[in-house]
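Take a look at the letters that make up each chain.
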Amino acid sequence: MTTRLHLAQLDPTLGNLDANLAKHVAAIDAARADGAELVFFPELSLSGYFLKDQTAEVALARDAAPLEALRELSKELTIGAGFVERARDGRLYNAYAIFEDGKLLHVHRKVHLVTYGMFEEGRDFAAGEHFQVAESKHGRIGVMICEDLWHASSAWLYFLAGVDLFLVPSAGPARGVSAVHDGFGSTRTWRTLLTNVGAMFQGWALYVNRVGCEDGITFGGGSRVVDPFGAEQTALDSLDVGALACEIDLAECERARLKTPLRRDEKPWLVLRELQRLEEEER
Amino acid sequence: MKEPQLDVQADLVEEILVRFLRTEAGKFGFTRAVLGLSGGIDSAVSAALAVRAFGPENVLAVMMPYATSDPASEADAREVAASLGLEPRLVDISAMADGYLAQEDVEDRMRRGNVMARTRMIVLYDLSVEWGGLVIGTSNKTEALLGYSTQFGDSASALNPIGDLYKHQVFQLARHLELPSSVIDKPPSADLFAGQTDEDELGFTYEEADRLLYLLVDERYDVDRLVEAGFEREFVLKVVRRVAMNQYKRLPPIIAKLSSRTINHDFRYLRSWGH
């Protein structure tokens, strides 16, 4: 049985929660009209990305009005959106919420903050500590926010937990225009990472990236879907706002795992022992 | 060591830069642009990008010769403007610049060149109000890194589409944008005095500088590895020194910190803030 989903390639306005909520509502309406049962937005889709000192100013508690509005809309379809979370202890997280059936189903806090080159997340956010599965009625979802995907352990942990949908919301800049290659270097890199995740961890890899420009940095779009065999099914290789619609079938995960039983043959406790050995050697 | 890969995918670069101009100007409510058109390749490329972003009717290209400027530069600028469907505006800066240069008896070449560059900046920023458009920059990455520019002069702009392109890449983009061969084929010059060329003044060619800067800045090779790869140590050190010594031209003024929150130190917002 297939499920229709939309990856909403938005261009959030920096620091403008009202404008961004309106963009979400419009994309949700469009997804619903197109028969989608899930719609996913990019990283920090409600706030914009290069927030710096605006981070605290747009931070939301989990029951804040813009999130409540999305929760309400989730009575009709499952919604995933990015926001700055203000925890009860005052820490700020680069967070991603999934709403389903009128409830807040799950929040993932970005674990691997990116703090090098043009990025300063480690200065503005606290790091998440967990990779917990979101148990959606549409499958088991593992959220990896952008840089989370670059650390193989993130997807591997979700793989151990039996994730069907590796969801990667991103605010990835377009860069790398060398004539040696075709297209943006950044797009090529994401495609490589995602096809590897699909092939090695045998789930659907869903990449939803933003577009638009913040002080000279253009976000690269290129949202894409990779199947549980590691084959790219569809992509929106455009810098325009748009929605990538596709059908996913969880039975494909089972078929991939039947043909190549990677999870059966995985050795997590060997990894645990080896980690313990490495830890002892480092002491 | 990898060979420097300076060639870009010009179509992709054009797409990014046209979107950049349109989006960033649009955020601030602008749909028009103003820029200086010197007859050189950098301003020709910026003008071509601005025309694609805003349409020729929304781009004001200003030719600002000084008495000693080569008349051929103006002719080249006119050819560029015509090829882009622009009606260029002529503002002779001689009287304006001489008002100061003659009064203060300035003879030093560098000082005179700086005054001319800053006079042009005054004209562009004034016309930007009359025209209702943002000033578009025309400084490339090579000259910005080498500091081969006048602070608050030719380096001043609101949006610079070509600031991340080395000179080699500006040439490549100029060919892609089908600019007149007259501006592509002539040696780059600041045209501050007769016979001046950038490469004579710098003491090395753009091609050499671009290859070195690409490896230093983009690929982060150190001096020893560049010398191993065949660059003259003296040349490498000269360029490294120039890049470091000219960092001040690329940054806003240094503010002395006193309070708990100081502009640019720990008061951190994008320009897009609130737009």
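As a reminder, the structure under discussion sits directly above these lines.
These notes cover the structure that comes with them. None of these values were measured; they are calculated from a predicted model.

1. Remarks on the overall build of chain A
Phase 1: Secondary structure assignment for chain A yields eight helices and 14 strands.
Phase 2: In terms of overall dimensions, chain A has a C-alpha envelope of 50 × 50 × 45 Å along the principal axes.
Phase 3: Long-range contacts, defined here as pairs at least 24 residues apart, represent 68% of the contacts in chain A between residues at least 6 apart.

2. Section: the interface of chain A and chain B
Phase 1: Taken together, the contacts link 19 residues of chain A with 20 residues of chain B.
Phase 2: Broken down by class, the residue content of the side of chain A that touches chain B amounts to nine nonpolar, six polar and four charged.

3. So, helix α2 (residues 41-54) of chain B
Residues and elements named next belong to chain B.
Phase 1: If you check α2, its first and last C-alpha atoms are 20 Å apart, about what 14 residues at 1.5 Å a residue would give, namely 20 Å.
Phase 2: Burial analysis of α2 places 13 of its 14 residues in the buried class, the great majority of the element.
Phase 3: One or two steps after α2, the chain reaches Gly55, where phi turns positive at roughly 90°.

4. Quick look at the sheet that holds strand β12 (residues 223-226) of chain A
All names here are of chain A.
Phase 1: Strand order in this open sheet of six strands is β6-β7-β8-β9-β12-β13, and the pairing throughout is mixed. At either end of the open sheet lies a strand with only one pairing partner, and these are β6 (134-136) and β13 (232-236). For this sheet the average axis-to-axis angle between neighbouring strands, irrespective of direction, equals 20°.

5. Here we look at the sheet that holds strand β3 (residues 89-90) of chain B
Residues and elements named next belong to chain B.
Phase 1: Taking strand neighbours across the sheet as the criterion, the four strands line up as β3-β2-β1-β4 in an open arrangement whose pairing is parallel. The open sheet terminates on both sides in strands that have one partner only, identified here as β3 and β4 (134-135).
Phase 2: In the sheet, strand β2 (residues 59-63) pairs with β3 via two bridges, with the strands oriented parallel. Looking across to β3, one finds that Val62 is bridged to Arg89.

6. Some thoughts on the nonpolar core
Phase 1: Ranked by internal contacts, the top residues of the largest apolar core, which has 148 residues, are A:Val39, A:Phe40, A:Phe166, A:Leu206, B:Val45, B:Ala47 and B:Ala50.
Phase 2: Here this core gets 10 residues from one element, more than from any other, and that element is α2(B).
Phase 3: The residues contacting B:Ala47, other than those within four sequence positions of it, are B:Leu35, B:Leu37, B:Val59, B:Ala61, B:Val80, B:Leu84 and B:Leu86.

7. Focus: helix α5 (residues 109-131) of chain B
Residue and element names in this part refer to chain B.
Phase 1: The end-to-end C-alpha distance of α5 is 32 Å, a good match for the 33 Å that 23 residues give at a rise of 1.5 Å each.
Phase 2: Three or more residues of α5 are buried, namely Val115, Met116, Ala117, Thr119, Arg120, Met121, Leu124, Leu127 and Ser128.
Phase 3: Buried positions along α5 lie against β1 (33-36), β2, α4 (94-101) and β4.
Phase 4: Within two residues after α5, Gly132 carries a phi angle of roughly 70°, on the positive side.

8. A look at the environment of B:Arg22
All names here are of chain B.
Phase 1: Counting through the fold element by element, Arg22 comes out in helix α1 (residues 10-27).
Phase 2: Given 18 C-beta atoms within 10 Å, Arg22 falls into the partly exposed group.
Phase 3: Sequence separation between Arg22 and Asp185 is 163 residues; the distance between their C-alpha atoms is 29 Å.

9. Side note on unusual backbone geometry
Phase 1: Although it is not a glycine, A:Gln202 adopts a positive phi angle of roughly 55°.
Phase 2: Structurally, A:Gln202 is set in the loop between α5 (185-201) and β9 (204-209).
Phase 3: For B:Asn264, which is not glycine, the phi torsion reads 75° and is therefore positive.
Phase 4: As for its position among the elements, B:Asn264 is in the segment after α13 (247-250).

10. Brief notes about the packing of helix α1 (residues 17-33) of chain A against helix α2 (residues 65-73) of chain A
All names here are of chain A.
Phase 1: Packing of α1 against α2 leaves a shortest axis separation of 10 Å and a crossing angle of 10°. By the criterion of interaxial angle, the relationship of α1 to α2 is roughly parallel. Residue-level contacts link Leu17, Leu21, His24 and Ile28 of α1 to Pro66, Ala69, Leu70 and Leu73 of α2.
Phase 2: Taken together, the residues that form the contact of α1 with α2 break down as seven nonpolar, one polar and no charged.

11. What about the pairing of β12(A)?
All names here are of chain A.
Phase 1: A two-sided burial pattern is seen for β12, the buried positions comprising Ser223 and Val225 on one face and Arg224 and Val226 on the other.
Phase 2: Bridging between β9 and β12 involves three bridges; their strand directions are antiparallel. Paired with Leu206 across the strands is Val225, a residue of β12.
Phase 3: For β12 and β13, the ladder comprises four bridges, and the chain directions are antiparallel. Pairing of Ser223 across the sheet is with Leu236, part of β13.
Phase 4: Between β12 and β13, which pair antiparallel one after the other, the connecting turn spans five residues, and Gly230 there sits at a positive phi close to 90°.

Cut-off values and rules
- Residues numbered from 1 in each chain as written.
- Chains lettered and ligands numbered in written order.
- Predicted model: local features only at pLDDT ≥ 70, side-chain atom pairs only at ≥ 80, totals over all residues.
- Helix = DSSP H or I, 4+ residues; strand = E, 2+ residues; numbered from the N terminus.
- Contact = placed C-beta atoms within 7 Å.
- Nonpolar A, V, L, I, M, F, W, Y, C, P; charged D, E, K, R; others polar.
- Expected span 1.5 Å × (residues − 1).
- Buried ≥ 20, exposed ≤ 12 C-beta atoms within 10 Å, placed from the backbone.
- Pairing = 2+ DSSP bridges.
- Axes fitted to C-alpha atoms, helices over the stretch in contact; angles between N-to-C directions.
- Core = buried A, V, L, I, M, F, W, Y, C linked by C-beta atoms within 7 Å.
- Parallel < 35°, antiparallel > 145°, perpendicular 65-115°, else oblique.

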